[in-house]
Structures are given as C-alpha cells and as structure tokens.
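The residues making up each chain are set out below.
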Amino acid sequence: MEEAAGSEVSFCLQKFTITDDSKDDYQYEEVPADDEFSLQEDDEDLSKALQTIQEQAEDAQILALQSVLTSEKSVSEIPEAMDDYFCNFLVRLGMSRTLDCFQTEWYELIEKGVFTAKDVGLVPTVYTHNEQLKAENMHLRKKLENYKLAANKAKAAFVKMQKERDFHRMHHQRVVQEKNRLICDIKRLKAHYASYEPVLKQLTEKYETTLRQKTLTSLERDRAVEQVTGLQATLQNLEFGRAIQIPVPKAGHECQRKKRLEGPTQKALQEARQQKILDAESSSYDPVKDAEKKIGKRYPKDSEFPADTQVNPHLVRAKEYTQPLKSGEYKLNNILKVHDLAVSCLALHPRKDVVVTGSDDHLWKMWALPDGNIIMTGEGHTDWLSGCCFHPSGTQLVTSSGDTTVRVWDFSKRGCILTLEGHARAVRDCSWHSCGDFVASASKDNTSKIWDVNSARCRYTMCGHEDSVNSIEFLPFSNTVLTSSADKTLSLWDARTGLRVYTFCGHLHSCNHATFNMKGDTIASCDSSGVMKLWDIRKSDPILSIDAGPHPANQVVFDSSGRVVALASGDGSVKVLQLAFGQFSSLRGHGGEVHSVVCDHKAEQLLSGGADGTVCLWT
C-alpha cells in the first residue's frame, strides 16, 4: 500500500490555461467543426483558389492520420490490471524466475483473502500512454532511418545527375563550338570556291570553244584537201579535153548563200551545159533541147545531176568487213543523256567519230564519241526534228522538222544558211545526194521533193503515194531515190525527172522506213506492225520476211558489210539480224521506245536513240 501511495505521489496532473496575454500577437480565430472550408466570394482568384485546395488536401491527410491514431488508441483505452502489467513487464525483461515467484505469492495472497483484484486497482493510464509513446517513438526512429537512407540515395543520385548534367553541358558546349567552327570553315570554303567559280567557268568555256574550234578546223582541213583534189582532177580532165563528171565524190562543195560560190564539179558541168547550148543553137531546131536551153537561161544557178555511171568508193571499204559479228557480241558500252525529250533521229559523220542527234525539243546537237562531249547545238526549228543527214564532206547538215521546213546548216558559220519551204505538212525525213548539191525530203502531205541547194529551189515534186511519205534516201552515188509510205508501199524514183520507176508491194501495214545496203542491190524495210522485209532490187521481189512485232519497227539499217541488219523497235530494244547465220537477237538498254539506229562505217559500233532522251553505244 505504501508503494502504491508512493507511486501516486510521484505523478500529478497540472492544469494549464492559455490566457489572452500571450506574447504572440497573432489573432487566432475559432473555426467551427462543421465548417466546409468554403471560399469567400471576395478571394476568388486563381492563386488563392489553388492555395486553398492544397490546404484542404493537407487538412484531409491530417484528419486521416488522426483517425488512424484514435483507432489505435481505442484498443489500448481499456485499463490494464496491475498483475497483468507486472507480468507483462517481467516477460518483456525475460525475468522468468521473478515472474514465477510473483505469480505464486500474488495468487496465495488473493486466496488467503488478504486483498482482491479490485482493491489493487488498475495501472494508471500514464504508464500505458508512455509505452505507446515509446513504441511510436521507436517506429518513428525506424522510419527516420529509412528516410535518411532514401535521402542519402536520392542525394547520391542527385549528385550523379548533376555530374552527368555538367558533363553533357560541357559536351554540348564543345559540340556547339565545333559546329560554329565548321560553319565558319564552310563559309570560308564557299567564299574560296566562289572566288574560283568564275575561273572554272571561264576555263570550261575555253575548253568547249577549243574543242569546237578543233573539230571545225579538222572539218575545214578535210574540205580544203578534197577541194584541192577535185580541182586537180578537174584540171586534169580539162587538159585531156573532157569536161565531164569525175568519178570521185564531190565533197568540197561549199553552199554559200551570199557569194554563190560553186564547186569545181558544178563548174565543169555548167561549162559542158553551156557548150551543149551553143551547139544546139548552131544545129537545127529541137523542142526538147530548146526547152532545156530555156530552163538553163531561166535558172542559171541550177546544179547538174551527175552521171549514173559513178562507182561507189565505199564498196572497197565494205569488202574489208566480210566477217560479220556473231550473235550476242554486241554489248552495251555507254549510255549518253543527250536530250530532255525523245531522240527522234541520228546521223554519223562520214569520217569522224561524231554523231548528230535530233530531238522533240526542237534542237539538234553534235557530240564527240565515245565520251559524249558536246560540240555544237543548233536552234531554229519550231517543232520536233524528224530527220538529219550529213553533207558528204561532213561540213554541213540538213534537218527536217514538223514545222514543214528543211534547213541546211553550215558548221563553219555555226548556223542555218538555207531554209527550204514548200511542203504543206510536217516533213518526215531528209537525205543528201552523194554529190552534195541536192537534198531530198519526204512529207506527210503525200509528196517528196528534190531540192537544189545551189539555186535554193525545188527541182521536182514527186507525187504518187496515197498516204504520208515516212522516209526517203538516195542510193549512194546514184540518182535513184527510195521512199517508204504509209500506203504500205515502197517506191523507186529518178531524181533527174521526178518520175516513179518501180513500186514494191507486200507490207500489210504502214511502212515506217526503208534503206539500201552498201552495194545497192538489196532494200530493207519495216512497218508499224514490226515486220521487216528484205527486197532484191534486180528481181523486184521480197527475199526475206521476219515478224519482230507486235510493237512497231521504227527504223532499219544495214552495217557496212551488208550482212547485219539492225532494227529499232517500239518495245525498247534493238533487234539484230545476222544474215549469214540467220540468228535474231535483242539488245536492251533504253528505258522507252527506240526511235532510231545507225551503224558506224567500220562496223564496230551500233548507236541507238530512244524516247528516254538517251543514246546507247553498242560495241
């Protein structure tokens, strides 16, 4: 009882009241428990509203925590008996023997009636509260240690991220510095290049000019050599008293519109014609000779057609290439992008590795082979180019166009020197005579014309086809003209009279092109259905027919040996026929329809022009 009294003396309760005389000057306001934390109408701005929402969230968390604490306290609010308290205390300290002694003596005293459990009473709530505080304190210490560990880890991660940030920031600064330095270098290089660009442009222009002058000088040299040769031959003939046509080709003729100069062959022919006229005047009256005399007086600039007894000097060259290429030996060597639009025609220089291309872009261009360096460009036509052909001397070019005109170009003058007009519709093809004084043209107006370059007039208009005349060609060193027409026929004409000699029939569709071989005894023709035919001129009969369709065949050509025939097909390929072996192969390299094909004079290369604006070189 004394111990109980002592324990009661050691604990006391003090009442403490908060007076209004506190040192804190803040005026506390009493908030009723049922306040809904409503916002005042005067404080309805965004920042205060957000602050109020945050305070409400914090208050809600505090209320939830208080509810948890009160629920925990509600379990321990039941007072604990004194004996249970001592037993729990001794068990917690591990004093088992003392616990046994205490329980033995405690229950003995209760059985003796010395006191009862009610007399002893209950453990004061202070002890229970202290134990709860102690347990909560330990729990909070553990949490604190966990928070410290988490804080240390977060601090380490933060320090690491700071270091990485500093590293990346330094790296970024270094990259920015490198970028600025590169920008400065690029600007300096651009300025340096800009300083050299005029020089490069000037050098390029000089190179192109030099290349063009070199080609023109070479052409002029060849022309001068051939003029000298022609003059020597003419002088030799005059010494023998024979002012007749020389058997060699007149390649030195220069058609000039201003001076009207004439080549040595035409001089000899005109002298012979004047002599005939003088003889006719002294002889009896002849109506035919009188008509010729009147025509000669009316058109004194007209050229004389050469005799038909000339020998083709290229036959000697053709005999050198008696062994044709085997099938499949042609391979694609180079592809040249020459025009933006389709390549419609090709022409090879008579002696040099130079090719002229005509296109739908109204231009013709001259290129050096095999590199494809451009030499010259011709502008003047107002519609697509359909055909082109070199002068036998290689110093001039004739072109035909959809603008119904035929133009003659002089390379030394770098421009057009003559425009021939007379067709009613588009001109489809053109060709030079071997003497260089006449040009033949074929048109969609169903006619063909023979033009005199010296007098710049149409000598004959050849009528007879019932549809468009698609191609025209002179037989080498002859006055015979070959035409192909959309009326499915081929025709041979005499250029001296403008009359048709013979007509070949056999095609079932429109004939697109026809050509002679080097010997002049065989004709190759092709039509719009892809059929190619070979004709024997002496027998006037077809000797071979091959169907390469169903795509149209646009052009056909012999090589110099006459044993290989190449066909430009509408399926994007070049068909090659080996006549000696009867083998037929296809060469593919164009991205569209093939419009034209030519063989070089040595039978070593094959050139084709396509709708994709390219020229393919096959070797």
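Residue positions are counted from 1 within each chain, in the order its sequence is given. For this predicted model, a pLDDT threshold of at least 70 governs which residues receive local features, and a threshold of 80 or more governs which side-chain atom pairs are given and counted, while totals over whole chains, interfaces and linings are taken from all residues. Water and hydrogen atoms play no part in the side-chain values, which are based on all heavy atoms of the structure.

Here we look at the overall build of the chain
And step 1. By definition, any uninterrupted DSSP run of H or I lasting at least four residues is a helix, any uninterrupted run of E lasting at least two residues is a strand, and each is numbered from the N terminus. When helices and strands are tallied, the chain shows 9 helices and 28 strands.
And step 2. Relative accessibility decides the category of a residue: with a 1.4 Å probe and only protein chains considered, values under 20% of the type maximum give buried, values over 50% give exposed, and everything between is partly exposed. In the chain, which comprises 619 residues, the proportion classed as buried is 39%.
And step 3. By sequence separation, contacts in the chain at least 24 residues apart represent 49% of the contacts at least 6 residues apart.
And step 4. Accessible surface, the chain: about 37,400 Å² in total, of which carbon and sulfur atoms supply 54%. Contacts are residue-level and defined by heavy atoms, with any inter-residue pair within 4.5 Å sufficient. Areas reported as accessible are Shrake-Rupley estimates using a 1.4 Å probe. Residue values count occlusion only from the protein chains shown.

Some words on helix α4 (residues 96-112)
And step 1. The terminal C-alpha atoms of α4, which comprises 17 residues, lie 24 Å apart, in line with the 24 Å expected from a rise of 1.5 Å per residue.
And step 2. G113 sits one or two positions beyond α4 and adopts a positive phi of about 85°. Helix span, expected: 1.5 Å multiplied by one less than the number of residues in the helix.

So, the packing of helix α3 (residues 82-93) against α4
Geometry of a packed helix pair, given as the angle between the helix axes and the separation of the axes.
And step 1. Here the axes come from fitting lines to C-alpha atoms, over the contacting stretch only for helices, and the angles between their N-to-C directions go from 0 to 180 degrees. Packing of α3 against α4 brings their axes to within 9 Å, and their N-to-C directions diverge by 165°. Our classification of the angle between α3 and α4 gives roughly antiparallel. The two elements α3 and α4 meet at a crossing, and its hand is left-handed. The segment α3 lies against α4, with D83, F86, C87, L90 and V91 engaging T98, L99, F102, Q103 and W106.
And step 2. Its residues assigned to classes, the contact of α3 with α4 comprises 7 nonpolar, 2 polar and 1 charged. Each angle receives one of four descriptions, namely roughly parallel if under 35 degrees, roughly antiparallel if over 145, roughly perpendicular if within 65 to 115, and oblique otherwise. Here a crossing is taken to be left-handed if its near helix is turned anticlockwise relative to the far helix by less than a right angle, and right-handed if that turn runs clockwise. In this classification, the charged set is Asp, Glu, Lys and Arg, the nonpolar set is Ala, Val, Leu, Ile, Met, Phe, Trp, Tyr, Cys and Pro, and all remaining amino acids, among them Gly, are polar.

A few points about the pattern of salt bridges
And step 1. Every case where a carboxyl oxygen of Asp or Glu lies within 4 Å of a side-chain nitrogen of Lys or Arg is listed as a salt bridge. Applying the stated rule across the entire model yields 11 salt bridges.
And step 2. Two residues, D302 and R459, come together in a salt bridge whose shortest N-O distance is 3.9 Å. Pair noted here: D302 is in the loop between α8 (287-298) and α9 (314-319) and R459 is in strand β13 (residues 457-463), with a separation of 157 residues, a long-range link. Take D302 and R459: they sit in the same class, and that class is buried.

Some points on the sheet that holds strand β22 (residues 553-558)
And step 1. Taken together, 4 strands build an open sheet; the order of strands is β22-β23-β24-β25 and the sheet is antiparallel. Strands at the two margins of the open sheet, each flanked by one partner only, are β22 and β25 (583-588). With direction set aside, neighbouring strand axes in the sheet form an average angle of 20°.
And step 2. Strand pairing is assigned whenever DSSP identifies at least 2 bridges connecting the two strands. In this sheet, β25 lies alongside strand β24 (residues 573-578) in antiparallel orientation, the contact comprising 6 bridges.

Focus on the sheet that holds β13
And step 1. The 4 strands lie next to each other as β10-β11-β12-β13, forming an open sheet whose pairing is antiparallel. Two strands bound the open sheet, and with one partner strand each, they are β10 (427-432) and β13. On average, each strand axis in the sheet is inclined to that of its neighbour by 20°, with strand direction left out of account.
And step 2. Where β10 and strand β11 (residues 438-443) come together, 5 bridges link them in antiparallel fashion. Considered in β11, the bridge of S431 is made with A440.

What about the packing of aromatic side chains?
And step 1. Within 6.5 Å between ring centres, the rings of Phe, Tyr and Trp (the latter by its six-membered ring) count as paired, and their orientation is classed by plane angle as stacked under 30 degrees, edge-to-face over 60, tilted in between. Across all of its chains, the model carries 8 aromatic pairs by this definition.
And step 2. Where F86 meets F102, the ring centres are 5.8 Å apart and the plane angle is 55°; that geometry is what we call tilted. Highlighted residues: F86 in helix α3 and F102 in helix α4, separated in sequence by 16 residues.
And step 3. A relative accessible area of 22% places F102 in the partly exposed class.
And step 4. When the centroid spacing of 5.5 Å and the interplanar angle of 70° are considered together, the rings of W364 and W409 count as edge-to-face. In this pair, W364 is assigned in strand β4 (residues 363-368) and W409 in strand β8 (residues 405-410), connecting sequence segments 45 residues apart.
And step 5. Take W364: its relative accessible area is 2%, and that puts it in the buried class.
And step 6. In textbook terms, an aromatic cluster arises when at least three aromatic residues are bridged by ring pairs, as seen for W364, F390, W409 and F411.

Concerning the environment of G415
And step 1. Within the secondary structure layout, G415 lies in strand β9 (residues 415-421).
And step 2. Once the C-alpha coordinates of G415 and Q396 are considered, the two residues, 19 residues apart in sequence, prove to be 9.9 Å apart.
And step 3. When near neighbours in sequence (up to four residues on either side) are disregarded, G415 contacts V408, W409 and D410.

Overview of the nonpolar core
And step 1. Remark: nonpolar core denotes a set of buried residues (Ala, Val, Leu, Ile, Met, Phe, Trp, Tyr, Cys) joined through side-chain atoms within 4.5 Å. The biggest cluster of nonpolar side chains holds 17 residues, and the ones touching the most others in it are V356, W364, M366, M376, F390, L397 and F411.
And step 2. When residues of this core are traced back to their parent elements, those giving at least two are α6 (125-239), β2 (343-348), β3 (354-359), β4, β5 (373-379) and β6 (385-390).
And step 3. Ignoring anything within four residues of it in the chain, the contact list for W364 reads V356, T357, G358, M376, T377, G378, L385, L397, T399, W409 and F411.
And step 4. Among the nonpolar cores identified, the runner-up in size contains 14 residues, and V564, A566, A568 and V576 belong to it.

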